[in-house]
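Examining the three-dimensional arrangement
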Amino acid sequence: MNQAHLDLLVSNGWREILSGYILPFAFGQRGFSDLGVDVLEIGPGPGTTTDLLRPEVDMLTAIEVDPDLAGSLSRRLAGTNVTVVEGDATSMPFETARFSGAMTFTMLHHVPTIELQNQLLAETLRVLRPGGLFVASDSSASDDLAALHIDDIYNPVDPSTLVDRLTTIGFSDVDVDTNEFGWRCHARCPV
């Protein structure tokens, strides 16, 4: 991520947008308890979402590809219910059916190709327990967001493709919703 993007992600304004708008939209009528007790967060970046989510779940594992961000987050959250793993979510170092739930917020647009996005989604399915819930959300494509990603990866997800992509990968009960700013989806690992 470029510095302007990182500065935004650690700002109080972004924290307020996450807590007041993005997370409530992402979860909809579902509660955090639907995720179960051993939850995976994919792509926490500097950890603003992690800070908001960790009081809501028993155990949270965050996988972050950027070594500097992973190291900083790991040090900051040492001794809490969060385990930070430096790793690539397209090839996760976790055993199959490890997690009761998984989530990712405003991150999938940083995955450079549709093929790698699909590989990340397939890995998410692999590490979910049968019946496990996957919650994801991201922004809609816009010129303003493209400008924020100068010298950075920006590959927005077309929400109209998500039901087909997720069911082809093997998820069940896929539900996608959009608003003027973004999209969210819920999907389950089949029982």
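In what follows, the structure referred to is the one given above.
Reference entry: report on the structure contained in this document. (Residues numbered from 1 in each chain as written. Predicted model: local features only at pLDDT ≥ 70, side-chain atom pairs only at ≥ 80, totals over all residues. Heavy atoms only, no water.)

Mapped onto the secondary structure, S100 falls in strand β4 (residues 99-105). Setting aside residues up to four positions removed in sequence, S100 forms contacts with L35, G36, V37, D38, V39, L128, R129, G132 and L133. Reaching out from S100, the side chain makes a polar contact with the backbone oxygen of L35 at a distance of 2.8 Å. (Helix = DSSP H or I, 4+ residues; strand = E, 2+ residues; numbered from the N terminus. Contact = heavy atoms within 4.5 Å. Polar contact = N/O pair within 3.5 Å; in protein donor to acceptor, adjacent residues only side chain to side chain.)

Turning next to the sheet that holds strand β7 (residues 182-188). Within the open sheet, the seven strands sit side by side as β3-β2-β1-β4-β5-β7-β6. Their pairing is mixed. Sheet topology places β3 (82-86) and β6 (172-178) at the edges, where each strand pairs with a single neighbour. Neighbour-to-neighbour, the strand axes of the sheet open up by a mean angle of 15°, direction not taken into account. Its contacts with the sheet put helix α5 (residues 114-127) on β1 (38-42), β4 and β5 (128-139), and the angle it makes with β5 is roughly 145°. Relative to the sheet, helix α7 (residues 162-169) contacts β6 and β7, its axis offset from that of β6 by approximately 160°. (Pairing = 2+ DSSP bridges. Axes fitted to C-alpha atoms, helices over the stretch in contact; angles between N-to-C directions.)

Here we take up the packing of α5 against α7. Interaxial distance between α5 and α7 falls to 10 Å at its minimum, and their mutual angle equals 55°. Considered as vectors, α5 and α7 are oriented oblique to each other. At the point where α5 passes α7, the crossing takes the right-handed sense. Between α5 and α7, the contacting residues are I114, Q117, N118, L121, A122 and L125 on the first element and R165, L166 and I169 on the second. The residue makeup of the contact of α5 with α7, split by class, is six nonpolar, two polar and one charged. (Parallel < 35°, antiparallel > 145°, perpendicular 65-115°, else oblique. Left-handed = near helix turned anticlockwise from the far one by under 90°. Nonpolar A, V, L, I, M, F, W, Y, C, P; charged D, E, K, R; others polar.)

Under the criterion given, the structure shown has seven salt bridges. Across the pair D34 and R30 runs a salt bridge, and its minimum N-O distance is 3.6 Å. A relative accessible area of 30% means that D34 is categorised as partly exposed. For D38, the salt bridge identified is with R129, shortest N-O distance 3.7 Å. Of this pair, D38 sits in strand β1 while R129 sits in strand β5, placing them 91 residues apart in sequence. Through salt bridges that share partners, R15, D51 and R76 make up one connected network. (Salt bridge = Lys/Arg side-chain N within 4 Å of Asp/Glu carboxyl O. Buried < 20%, exposed > 50% of the residue type's maximum accessible area, 1.4 Å probe, protein only.)

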